[in-house]
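Reading the structure
So you can see what is in the structure, the chains are spelled out below.
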Amino acid sequence: MHIDTAVVLAAGEGTRLRPLTRNRPKPMLPAANRPILEHVFDALVEAGIEKLVAVVGYKRDRVQDHFGPTYRGIPISYVSQTKQLGSGHALLQARSVVDGPVLVMNGDRLVDAATIESVDTSYAETGHTSIAVIERQDTSRYGAVEVQDGDIVDIVEKPQHDEFRLINGGVYAFDGDIFEAIDETTRHAGELALTDTIELLLESDRIQAVEVDGMWVDATYPWDLLTVAREVLARGRVVESARDEQVWVDNSARVHDEATLQSPVVIGPDCEVGPDAVIGPNVALGRNTTIGANSVIQHTVLDADTRVDPSSTLIDTVTGQDVNLGVNTVVPGGPADVQVGTEVFEDQRLGAVIADRAVALGDVSFVSGSLVGPNARLATGVTVDGTVREGAEVVR
C-alpha cells in the first residue's frame, strides 16, 4: 500500500551551524538559492506524497511564514515540538495528525524522490518497517547499520572503527504502531531518539534495509553548505527562469554585459552584477544580492539581500541575509582549521562564514576559516581571524 503522508522533522536549531542558525532553523538555511526544506518537500511531492506534516520548534515562524498552508498544492499541517528532546520525541508530536502508515524524513537533509519511492515500495511489498541505507567510506559522522540478507540487524551511532560501510539514510516507512513503540522506548538524558525506538523494534520485527545510491547530502557544519550548493547546482535543482549550460539567471536579475558567469551558477531574483565581475563556478546568489564591479566570487553561497562592493574577492564563502561587504573585501578561501564550539576541525574547505546583518566597512581581509556572528561590525582595514561574536565591533 502506497503511503500518502510524510512527517518531516524540522524542529531543531542546528547548533553546529552557528552563527548562521542564530536567527533561523537549520532547515531554512540555503541549499544554493533555496531553503533546504524546499528541496525536501520537492522530493516528497515528486514521490507522490499527498499530505505533509512539518514538526517545527526553534524559530518555527520562519518555516510557517515561508511555506504557509500548502506547498505545490499539497496541504501542510504544522505541529510543534516546544523542547528539542530528540528525534523520537519530535515524531511523537505528529501523532494526532497521522492516521496509518507514515514516511518520516529529516528536514535538513537533501535526498531525491527516487530514494523516497524505493522506501515506500519496500514497505508496500513487505509490510515491514523500511529504512534507506547508503554506502559511505567514512561512517564515523553517522549512524552505521549492519545488514544481513536485506534486513537491518544493528545500528551503531558514530562508530569509531571502519568495519561498517552502510549508514542510516534518515528516510523511514513505519506503520501506525510507531507511536506506541516510541512510548515504550527508554529515554536517555531526558531525550527520545528515533534510533533507540528502531533498536527496540529490532527485538521483535524485521526491518528492511533499502539500499539507495541517489542524492544524499547532509549539512552538519558550516562548510557543508558549500558541498550542498555544489550538489544542487550539479543536478540543476534550482529555481530557474533562464538556463544556458548550467547558468541560471532569473528574469528580474540584471547582469552587466561585461560580467562573466562561469557555470554552474545561479543568479536569483532582483540580483545585480556589475561590469567585469566574475561569478562562478559553484556560486549561488540569493534574492536581491548585489555584486560590485571587478569582484570575483567563486565556490560561494550569498544569501538574500547581501551586498558586495567593487573589487572584492570571495572564495569558499557563506553569508547570511542582509550582509554588507565593503570595497576590497578579501576572503581567500580554504583549506582551514575551523573552530566550532570547543572543537577544531582541520583542513576544511571554508573561507569565511559571515552571518546575518554583519557589516565590513572596506579593505577587510578574512583569514580562512573565520566565523563572524550576526550584527558584527568590522571597521575599515581590519583582518578577521577566528570567531567574531554576535554584535561585536572590531577595529584596527
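Our subject is the structure listed above.
Here's a quick rundown of the structure. The structure presented is a predicted model; accordingly, all values stated were derived computationally and were not measured.

Parameters at a glance
- Residues numbered from 1 in each chain as written.
- Predicted model: local features only at pLDDT ≥ 70, side-chain atom pairs only at ≥ 80, totals over all residues.
- Heavy atoms only, no water.
- Axes fitted to C-alpha atoms, helices over the stretch in contact; angles between N-to-C directions.
- Helix = DSSP H or I, 4+ residues; strand = E, 2+ residues; numbered from the N terminus.
- Parallel < 35°, antiparallel > 145°, perpendicular 65-115°, else oblique.
- Left-handed = near helix turned anticlockwise from the far one by under 90°.
- Contact = heavy atoms within 4.5 Å.
- Nonpolar A, V, L, I, M, F, W, Y, C, P; charged D, E, K, R; others polar.
- Phe/Tyr/Trp six-rings, centres within 6.5 Å; stacked < 30°, edge-to-face > 60°.
- Buried < 20%, exposed > 50% of the residue type's maximum accessible area, 1.4 Å probe, protein only.
- 1 Å grid on protein atoms, 1.4 Å probe; cavity = no way out; pocket = protein on both sides within 12 Å on 5 of 7 lines; lining within 4 Å.
- Points joined across faces, edges and corners; volume = space filled by probe spheres on them.
- Domains from an automatic or database assignment.
- Pairing = 2+ DSSP bridges.

1. A look at the packing of helix α1 (residues 36–46) against helix α2 (residues 60–67)
- In the contact formed by α1 and α2, the axes pass within 11 Å of each other and the chain directions differ by 55 degrees. Relative to α2, α1 is oriented oblique. When you trace α1 past α2, the crossing you get is right-handed. Each of L37, E38 and F41 in α1 lies in contact with α2, whose residues at this interface are V63, H66 and F67.
- Partitioning the contact of α1 with α2 into residue classes produces four nonpolar, one polar and one charged.

2. What about the environment of I3?
- Assignment of secondary structure puts I3 in the segment before β1 (5–10).
- Among all residues touching I3, those that are not within four sequence positions of it are I49, P101, V102, L103, D120, Y123 and A173.

3. Considerations on the packing of aromatic side chains
- All told, the structure shown has seven aromatic pairs when counted by the stated rule.
- Consider the rings of Y221 and W223, whose centres lie 5.1 Å apart with planes at 10 degrees: the pair is stacked. As far as the burial class goes, Y221 and W223 line up, both buried.
- Grouping aromatic residues by their ring pairs yields a cluster made of F41, F67 and Y71.

4. Looking at the layout of surface pockets
- Estimates place the volume of the largest pocket at around 1,300 Å³.
- Broken down by secondary-structure element, the contributors of at least two residues to the lining of the largest pocket are β1, α3 (87–92), β12 (166–174), α6 (194–202) and β14 (216–218).
- When grouped by side-chain class, the residues that make up the lining of the largest pocket number eleven nonpolar, 15 polar and eleven charged.
- Estimates place the volume of the second largest pocket at around 440 Å³.
- In terms of lining residues, the second largest pocket is bounded by 23 residues, among which N33, R34, P35, H66 and D303 are the most central.
- Elements supplying a minimum of two residues to the lining of the second largest pocket: β3 (34–35) and α2.
- Here the element with the most residues in the lining of the second largest pocket is α2; it accounts for four residues.
- When we break the lining of the second largest pocket down by domain, the ones giving at least three residues each are domain 1 (3–216) and domain 2 (225–392).

5. Looking at the sheet that holds strand β16 (residues 254–255)
- Strands sit in the order β16-β19-β22-β25-β28-β33-β36-β39 across an open sheet of eight strands; the sheet is parallel. The outermost strands of the open sheet, each flanked by one partner alone, are β16 and β39 (393–394).
- With two bridges joining them, strand β19 (residues 272–273) and strand β22 (residues 290–291) adopt parallel strand pairing. Its bridge partner being in β22, E272 is matched across the sheet by T290.

6. Quick look at α1
- Burial of α1 is extensive: ten of the eleven residues sit out of reach of the surface.
- Burial in α1 covers these residues: I36, L37, E38, H39, V40, F41, D42, A43, L44 and V45.
- Just beyond α1, the residue with positive phi is G48, at close to 100 degrees.

7. Side note on empty space enclosed by the protein
- What the rule picks out here adds up to one cavity of 30 Å³ or more.
- What the largest cavity holds in volume is close to 30 Å³.
- Secondary-structure elements contributing two or more residues to the lining of the largest cavity are α7 (224–235) and β24 (300–302).
- The element contributing the most residues to the lining of the largest cavity is α7, with three residues.
- Its residues assigned to classes, the lining of the largest cavity shows three nonpolar, three polar and one charged.

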